[in-house]
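Residues per chain are reported as follows:
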Amino acid sequence: MYRYRAMQSDEFLDYLKSQFSACDANMGNLPHHTSLEADEETGESILPMPKEVYGDYVEIDDVISFKKAAKHRIKLVNLSCKVVSQTRFTREYNSIIRQLNSAQHPLNRVILSCHRQHYLLKRPT
């Protein structure tokens, strides 16, 4: 485990850039309220998910969980992407790395919120 708790913000970000593929994250326009649409051919329900709304939080082939939040509301939880603060990232660093490295775990990227900036972190391929 790397000791980065005492690092200054610039050192912390430099360290992350050395360990991950890192870039500014597009946070889209979340939270977003929408309605299900019906497919004209099959009649199946479709949840529209435009990139300008969901940004880097949702990508094709993500594993997404829907939870009932209230009577007519659902909450979308993306199991392929975590959004975490710098404090939580530091605290859960080992667990996050294990999840990113595991072929059995759906997590493949993290959006780090740090000093009002958002960074998209992916393991280098």
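What you see is a predicted model, and the numbers here were worked out from it, not measured in a lab.

A look at the confidence of the model for the protein chain
Then, number 1: Of the residues in the protein chain, 93% have a pLDDT of 70 or more, and the chain-wide mean is 85.
Then, number 2: A low-confidence stretch, residues 1-6 stays under pLDDT 50, and its non-local contacts, those more than four residues away or across chains, total ten contacts.

Section: the pattern of salt bridges
Then, number 1: Enumeration according to the criterion identifies six salt bridges in this entry.
Then, number 2: With its nearest N and O atoms 2.5 Å apart, the salt bridge here joins R109 to D62. You can see R109 sitting in strand 7 (residues 109-114) and its partner D62 sitting in the loop between helix 2 (51-54) and strand 4 (64-70), a full 47 residues away along the chain. By the burial criterion, R109 is buried, and D62 matches it.
Then, number 3: Connected through salt bridges with shared partners, the residues E59, D62, R109 and K122 form a single ionic network.

Focus: the environment of I46
Then, number 1: Assignment of secondary structure puts I46 in strand 3 (residues 45-46).
Then, number 2: A relative accessible area of 36% places I46 in the partly exposed class.
Then, number 3: In this structure, I46 is in contact with S35, L36, E37 and D39, ignoring residues within four places of it in sequence.

Description of the packing of aromatic side chains
Then, number 1: A full pass over the atoms with the stated rule returns four aromatic pairs.
Then, number 2: Seen from their ring centres, Y15 and Y93 are 6.5 Å apart, and the 50° between their planes marks the pair as tilted. Of this pair, Y15 sits in helix 1 (residues 9-19) while Y93 sits in helix 4 (residues 93-101), and the two are 78 residues apart along the sequence. You'll find Y15 and Y93 in the same group, each marked buried.

Some remarks on unusual backbone geometry
Then, number 1: Even without a glycine there, the phi angle at D61 is positive, about 75°.
Then, number 2: One non-glycine residue, H115, adopts positive backbone phi at about 55°.
Then, number 3: Structurally, H115 is set in the loop between strand 7 and strand 8 (117-122).

What about helix 4?
Then, number 1: When helix 4 is considered as a whole, its buried residues turn out to be Y93, I96, I97, Q99 and L100. Axial view of helix 4: buried residues confined to an arc of 165°, hence all on one face.
Then, number 2: Where helix 4 is buried, its residues touch helix 1, strand 6 (81-85), helix 3 (86-91) and strand 7.

Considerations on the environment of K67
Then, number 1: By the element assignment, K67 lies in strand 4.
Then, number 2: With relative accessibility at 47%, the residue K67 sits in the partly exposed group.
Then, number 3: Here the alpha-carbon distance between K67 and V77, two residues ten residues apart in the chain, equals 7.6 Å.
Then, number 4: Not counting residues within four places of it along the chain, the set of residues in contact with K67 comprises R73, I74, K75 and V77.

What counts and how
Residues numbered from 1 in each chain as written. Predicted model: local features only at pLDDT ≥ 70, side-chain atom pairs only at ≥ 80, totals over all residues. Heavy atoms only, no water. pLDDT = per-residue confidence, 0-100. Contact = heavy atoms within 4.5 Å. Salt bridge = Lys/Arg side-chain N within 4 Å of Asp/Glu carboxyl O. Helix = DSSP H or I, 4+ residues; strand = E, 2+ residues; numbered from the N terminus. Buried < 20%, exposed > 50% of the residue type's maximum accessible area, 1.4 Å probe, protein only. Phe/Tyr/Trp six-rings, centres within 6.5 Å; stacked < 30°, edge-to-face > 60°. Arc of directions from axis to C-beta.

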